[in-house]
Amino acid sequence: MGAHQGMAEAGREAVSGMVLEAWDAFLAQAGSVDLDRPSRLPGWRAHEICVHLGCWDDHAALTDLIASARSGGAGTPPDPDAVNARVVAAHRDASREEVLAGLRRNREATARYLADEPVELDTAPAVSVVGRLPLLSVVLGQAYELAVHGLDLVSCGAEPPPAGVLRSGLAALTDVTGALAASSGISGRVSLVTPDGGWGFTSAGGGWQVRRVPAGVVDGPAVEAAADLLLDAASGRVNPVPAAARRRLKVHDVPGLLQLAPIVQQVPGIPGGPILQLAARTVGGAGGVLGRLFGRG
């Protein structure tokens with residue numbers, strides 16, 4: 001048997017439920033807000049958040065990913081900032097109905113992939129914005145994006161994303177981090193722990209496995225916080241240092257987490273990077289104070 005491939009091994013049925021629930025929740029949020037409302041993201045209204053998650057004639061991310069998987073995952077990762085800037089500028093004047101239709105098209109494209117494409121594609125490598133990952137892991141990655149941007153829409157007046165969507169977003173974050181650890185040749189394990197449970201990965205032998213973590217169980221290297229705070233910290237929406245100082249976010253086994261630090265150098269914009277950088281700060285420079293804040297973790 002080859003190396004483990006994380007959540008791609010859970011299969012389409014498991015991933016499908018997580019991703020499509022996240023899409024449905026985000027569509028409900030988007031349909032409830034004034035798209036001209038400014039968000040917590042500088043320069044972005046709800047409109048820009050929704051546009052960049054849509055499927056357009058000039059931007060069909062999933063189609064490109066499927067083509068990448070079919071062709072063996074060759075090529076270089078796209079620059080997400082450049083892609084977002086292009087798509088947002090091209091559709092700045094789209095109507096509310098056009099924006100919501102773009103979101104529905106992307107949800108439908110995802111559902112169509114999960115229902116119709118050959119299952120062999122699920123574990124085929126595709127070139128994503130963070131590197132080569134199994135296509136099903138990239139599809140699950142939508143749950144992370146939808147959860148984080150669902151939290152962004154709260155600043156525009158939307159209801160918060162459901163707890164299940166936040167859990168799925170953390171599963172996707174865990175899976176991608178495990179994949180990057182495996183592709184970097186790093187062996188280790190890390191958990192993201194919330195009061196409702198969480199997810200962890202183990203990376204070894206060029207592969208990675210993802211597991212559910214029971215509520216309240218911290219075993220080995222872990223970052224512990226409420227699900228929304230973990231997602232906000234991982235995406236750079238909030239600075240994790242003050243949250244750690246107030247004990248709203250706790251880091252356990254900092255040396256174990258630091259095994260993952262090389263990933264941040266290789267993929268500077270990875271989800272979770274701010275948390276790994278926080279871990280690094282606890283053992284150097286200002287780390288004396290932070291180390292005492294964290295206790296022995």
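This one's a predicted model, so the numbers in the text were calculated from it and none came from an experiment.

### Points about the pattern of salt bridges
Under the criterion given, the structure shown has 12 salt bridges. The partner of Asp219 in a salt bridge is Arg189, and the shortest N-O contact between them spans 3.6 Å. Highlighted residues: Asp219 in the loop between strand 5 (207–213) and strand 6 (222–224) and Arg189 in strand 3 (residues 188–194), separated in sequence by 30 residues. Of the residues examined, Asp219 reaches a relative accessible area of 47% and is grouped as partly exposed. By relative accessible area, Arg189 is classed as partly exposed at 31%.

### Section: the sheet that holds strand 5
The five strands lie next to each other as 5-4-3-6-7, forming an open sheet whose pairing is mixed. Bordering the open sheet on either side are strand 5 and strand 7 (250–252), each of which pairs with just one other strand. In this sheet, neighbouring strand axes are inclined to one another by 15° on average, regardless of whether the strands run parallel or antiparallel. When strand 4 (residues 197–204) meets strand 5, the two strands line up antiparallel, connected through seven bridges. Across the sheet, the residue bridging to Gly200 is Arg211, located in strand 5.

### Regarding the environment of Ala82
In this structure, Ala82 sits in helix 4 (residues 80–90). You can call Ala82 partly exposed: its relative accessible area is 43%. Residues Ala82 and Glu120, 38 residues apart in the sequence, show an inter-C-alpha distance of 31 Å.

What counts, and where the lines are drawn
Residues numbered from 1 in each chain as written. Predicted model: local features only at pLDDT ≥ 70, side-chain atom pairs only at ≥ 80, totals over all residues. Heavy atoms only, no water. Salt bridge = Lys/Arg side-chain N within 4 Å of Asp/Glu carboxyl O. Helix = DSSP H or I, 4+ residues; strand = E, 2+ residues; numbered from the N terminus. Buried < 20%, exposed > 50% of the residue type's maximum accessible area, 1.4 Å probe, protein only. Pairing = 2+ DSSP bridges. Axes fitted to C-alpha atoms, helices over the stretch in contact; angles between N-to-C directions.

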